[in-house]
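Below are the chains, spelled out letter by letter.
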Amino acid sequence: MADKCKRHSVSDPLSKDLVECLRESMQRELKFETPYVFVVFGASGDLAKKKIYPTLWWLFRDNLLPVNIKFVGYARSDLIVCRLRESFEKFCKVRESERCAFDDFIKKCSYVQGQYDTSDGFQKLQSSIADFQKESHDQAVNRLYYLALPPSVFNVVSTELKKNCMDNGDSWTRVIIEKPFGHDLKSSCELSTHLANLFKEDQIYRIDHYLGKEMVQNLMVMRFGNRILAPSWNRDHIASVMISFKEDFGTGGRAGYFDTAGIIRDVMQNHLMQILTLVAMEKPASLNAEDIRDEKVKVLKAAKVVELKDIVVGQYVANPEFDHPEASQGYKDDKSVPADSTTPTYALAVVHINNERWEGVPFFLRCGKALNEKKAEVRIQFKEVSGDIYPSGELKRSELVMRVQPNEAVYMKLMTKKPGMGFGVEETELDLTYHNRYKEVRLPDAYERLFLEVFMGSQINFVRTDELEYAWRILTPVLEELEKKKIQPVQYKFGSRGPTEGDDLMQKYGFLFTGTYKWVAPKL
């Protein structure tokens, strides 16, 4: 039984090299004898049960966390640990062989009930941490606070944390903040100023889980690790860049929240803008977090403010003919959505970057719900071959595609000779599909990677204050204009590619969609 209960006996571990590297680094940098506490504010919410607790379990299971660690849930709900466990256990994907390890994980969990706007609960939390410190031979406790909370309570919770729950100088405190980081430029700056008055920049971790995804991480390696790509990564060779985030479902019961934000705030301003900076930035001086974030900020500074003429917004309507449980209901058919709502569920924006590398190259940011497929990818479309000697229309533009999800892949769409006696050409691909090439490797969840980086004090994949400000600067004016003028979104059917006006705008800026080629993920 003892062997069965060893935490390192994992049936589907991360890459052995990654695990060993992380374990050695943790042992060296984190000093396992030091106590750590990971506090989840909003422990009764969806994010906590679906993502945060499962991620902590996976890291614990794989021996990637300090041994002397406690997990504390904090919320207003009247809960005990066993009920908290019931809420997240089904999302943890615990195998039968891991039951003993999971029980050990639960033993490290506790819960504090408290309000967010009064000191009582925070004082109880501090008392709980003090008790843990006594159990740890009075060693100072390193503290990680995850604010999985509505933006409306960010200010009061952070203020109470600073007042009641900080380290004593012999340890550190790190605060993880979940998006949205403000509603527009003004509110974002106000939040940043508030946090800056409480914490140092290196204590603040603004988490955008897309930055932890494997293929987003791969963008820098693809760009700066391959000589074959570097010479063509500019306006002389690239016709356009499309960054897409498509969902094949509607608001899924979140329409009330979604209507206060819309797809631009929910996806474009953060996920897509972050990917844009990685695609467009210059080579950083090193892999140091500040060197990378400096280059990302330069891209945002060079990006022009999006104008109304460069954006298309849409809103989905019912399509009973489409085979999906939600398809019979349009966005405004949801009772929690106002009948006169102009909140977009689809948006396509054209971003222009005014620098030597990218002037004249349109960056299309496209995102939407209730579309024909679930997909997130970066598509680099290259210009036509000069001096085409083949029959007119046979040559198509080459494309480099980095698919973030699903079926993580990198493939190059290019032209090749048709097999046979003739000399015709056709489209094919050079394909690196991760689940095919790396069959024995479990790709880490984005949150796993990001949580480890917080433990290790690396901010390489977290959003800096000035980066956030410049990203909001690009989109806030057009958001305000859309709302002030109450511009009606174009209707599109559930399960379609989105409004045809989006395709028209892309074609206006030179994007070519032939529809003659479709990548198919190879079978395992």
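Further up the page is the structure itself.
Attention in this report is confined to the structure presented alongside it. Source: prediction; values computed, not measured.

Describing the overall build of the chain
Thinking step 1. Of regular secondary structure, the chain possesses 14 helices and 15 strands.
Thinking step 2. Within the chain, the proportion of its 524 residues that are buried is 53%.
Thinking step 3. Surface exposure of the chain reaches about 24000 Å², of which carbon and sulfur atoms provide 50%.
Thinking step 4. Distance between charge centres in the chain, computed from 74 positive and 75 negative side chains, equals 1 Å.

A closer look at helix α2 (residues 46-61)
Thinking step 1. Taking 1.5 Å of rise per residue, the 16 residues of α2 would be expected to cover 22 Å, and the 22 Å separating its terminal C-alpha atoms lies within 8% of that figure.
Thinking step 2. Of all the bends found along α2, the most pronounced is centred on Ile52 and spans about 30 degrees, while Pro54, a proline, follows it within four residues.
Thinking step 3. Taken as a whole, α2 has its buried residues at Ala48, Ile52, Tyr53, Pro54, Thr55, Leu56, Trp57, Trp58, Leu59, Phe60 and Arg61.

With respect to the sheet that holds strand β13 (residues 409-417)
Thinking step 1. Reading across from one edge, β14-β13-β12-β11-β7-β10-β9-β8-β15 is the order of the nine strands in this open sheet, with mixed pairing throughout. In the strand order of this sheet, the two ends are held by β14 (425-433) and β15 (490-493), each with one partner. Averaged over neighbouring strand pairs, the angle between their axes works out to 20 degrees when direction is ignored.
Thinking step 2. By the bridge criterion, four bridges tie strand β8 (residues 311-317) to β15 in an arrangement that is parallel. Considered in β15, the bridge of Gln315 is made with Gln491.

Re the packing of helix α5 (residues 119-135) against helix α6 (residues 154-164)
Thinking step 1. Where α5 meets α6, the axes come as close as 10 Å, and the angle between the chain directions of the two elements is 45 degrees. Viewed along their axes, α5 and α6 adopt a mutual orientation that is oblique. Here the hand of the crossing between α5 and α6 comes out right-handed. On the side of α5, the interface is formed by Ser119, Phe122, Gln123 and Gln126, while α6 contributes Val157, Glu160, Leu161, Lys163 and Asn164.
Thinking step 2. Looking at the contact of α5 with α6 residue by residue, the class counts come to three nonpolar, four polar and two charged.

Definitions and limits used
Residues numbered from 1 in each chain as written. Predicted model: local features only at pLDDT ≥ 70, side-chain atom pairs only at ≥ 80, totals over all residues. Heavy atoms only, no water. Helix = DSSP H or I, 4+ residues; strand = E, 2+ residues; numbered from the N terminus. Buried < 20%, exposed > 50% of the residue type's maximum accessible area, 1.4 Å probe, protein only. Areas by Shrake-Rupley, 256 points an atom, 1.4 Å probe, with all protein chains shown as cover. Lys, Arg positive; Asp, Glu negative; His and termini not counted. Charge placed at Lys NZ, Arg CZ, Asp CG, Glu CD. Expected span 1.5 Å × (residues − 1). Bend = angle between axes of the 7 residues up to and from the residue. Pairing = 2+ DSSP bridges. Axes fitted to C-alpha atoms, helices over the stretch in contact; angles between N-to-C directions. Parallel < 35°, antiparallel > 145°, perpendicular 65-115°, else oblique. Left-handed = near helix turned anticlockwise from the far one by under 90°. Contact = heavy atoms within 4.5 Å. Nonpolar A, V, L, I, M, F, W, Y, C, P; charged D, E, K, R; others polar.

Worth remembering: the numbers are spatial, not functional.
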